[in-house]
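What the coordinates show
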Amino acid sequence: MNAPPVDAYPYEDTHDLRQGPDLHPALLGLLPFIGLWRGRGQGGFPEVDDFDFAQEIRISHDGRPFLAYESRAWLLDADSKPVRMAGREVGWWRPVLVDDRPGDEMEATMMPPTGVMELYLGRVSGTRLEMATDAVVRTPSAKEVAAGHRLFGIVDGALLYAHEMSAMGHSLQPHLSARLLRIGG
């Protein structure tokens with residue numbers, strides 16, 4: 001423990017394919033999603049008033065065969081002014097390799113800071129990624145979440161997504177949807 005201090009983390013993450021490490025060949029099917037995205041969306045759920053939000057999603061890589069996913073959102077008022085911070089989420093997306101070659105199947109973990117961890121299985125088809133929960137784990141103090149379904153797509157250069165959730169005794173219901181523009185990458 002008496003060793004000298006270490007330098008800053010020496011490896012680069014990037015959402016910009018023009019710089020940083022080379023993209024791992026296994027990620028070519030997820031290439032359209034890599035970038036820094038920002039836009040707005042709408043949310044709601046039974047017993048929750050509908051709301052408007054802004055969001056920033058960063059999907060990056062470090063040269064290994066997975067993507068890092070980070071989302072930050074904030075609520076907007078009727079004049080599109082920030083009201084307060086809202087959801088945050090981190091995760092990892094990775095293609096399923098068969099004989100060291102990627103197919104169209106993928107696995108993802110998604111975790112907000114609310115004590116819920118979701119394991120998703122899905123498929124990539126061109127610029128469309130659809131996934132559903134295979135397992136949901138939560139801490140004793142977290143709200144009950146039973147399942148999720150997410151659909152991402154690149155449409156006219158924008159990242160669109162829809163998130164359905166089964167929670168608090170409700171079956172799968174629309175929860176969030178957004179349209180985000182690429183601002184980096």
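Notes on the structure in this doc start here.

Criteria and thresholds
- Residues numbered from 1 in each chain as written.
- Predicted model: local features only at pLDDT ≥ 70, side-chain atom pairs only at ≥ 80, totals over all residues.
- Heavy atoms only, no water.
- Helix = DSSP H or I, 4+ residues; strand = E, 2+ residues; numbered from the N terminus.
- Rg over C-alpha atoms; globule rule 2.2 N^0.38 Å.
- Buried < 20%, exposed > 50% of the residue type's maximum accessible area, 1.4 Å probe, protein only.
- Contact = heavy atoms within 4.5 Å.
- Areas by Shrake-Rupley, 256 points an atom, 1.4 Å probe, with all protein chains shown as cover.
- Lys, Arg positive; Asp, Glu negative; His and termini not counted.
- Charge placed at Lys NZ, Arg CZ, Asp CG, Glu CD.
- Patch = residues over 30% accessible without salt bridge, like charges linked within 9 Å, V, L, I, M, F, W, Y side chains within 5 Å.
- Salt bridge = Lys/Arg side-chain N within 4 Å of Asp/Glu carboxyl O.

Thoughts on the overall build of the protein
Across its full length, the protein carries zero helices and 10 strands. Secondary structure elements in the protein, listed N-terminal to C-terminal, are β-β-β-β-β-β-β-β-β-β. Scaling as 2.2 N^0.38, a compact globule of 185 residues should have a C-alpha radius of gyration of about 16 Å, and the protein matches this with 18 Å. In terms of overall dimensions, the protein has C-alpha extents of about 50 × 40 × 40 Å along its principal axes. Across the 185 residues of the protein, 36% fall into the buried class. Long-range contacts, defined here as pairs at least 24 residues apart, represent 40% of the contacts in the protein between residues at least 6 apart. Roughly 11,100 Å² of accessible area belongs to the protein as shown, and the carbon and sulfur atoms make up 54% of that amount. Each charge class in the protein can be summarised by its mean position, and for the 18 positive and 26 negative side chains these summaries are 4 Å apart.

Some remarks on a nonpolar patch on the surface
Among the surface-exposed residues, Leu17, Leu28 and Leu31 lie close enough to one another that they form a single nonpolar patch of about 260 Å² accessible area. The exposed category is assigned to Leu28, whose relative accessible area is 54%.

Re the environment of Gly148
Tracing the sequence through the fold places Gly148 in strand β8 (residues 145-155). Judged by its relative accessible area of 4%, Gly148 is buried. In this structure the C-alpha to C-alpha distance between Gly148 and Tyr120, which are 28 residues apart in sequence, comes to 8.2 Å. Sequence-distant contacts of Gly148, defined by excluding residues within four places in its chain, comprise Tyr120, Met131, Ala132, Thr133, Glu164, Met165 and Leu172.

Focus: the pattern of salt bridges
This model, assessed by the stated rule, comprises 11 salt bridges. With a shortest N-O distance of 3.0 Å, Arg88 and Glu70 are connected by a salt bridge. A residue pair is termed long-range when its members are at least 10 positions apart, and Arg88 in strand β4 (residues 82-98) and Glu70 in strand β3 (residues 67-76) qualify at 18 residues. The class of Arg88 is partly exposed, set by a relative accessible area of 44%. The closest approach of N and O atoms between Arg150 and Glu118, which form a salt bridge, is 3.1 Å. With a gap of 32 residues between them, Arg150 in strand β8 and Glu118 in strand β6 (residues 116-125) connect regions that are remote in the sequence. The exposure classification of Arg150 matches that of Glu118, with both residues buried. The structure contains a network of salt bridges with shared partners spanning Arg38, Glu56 and Arg72.

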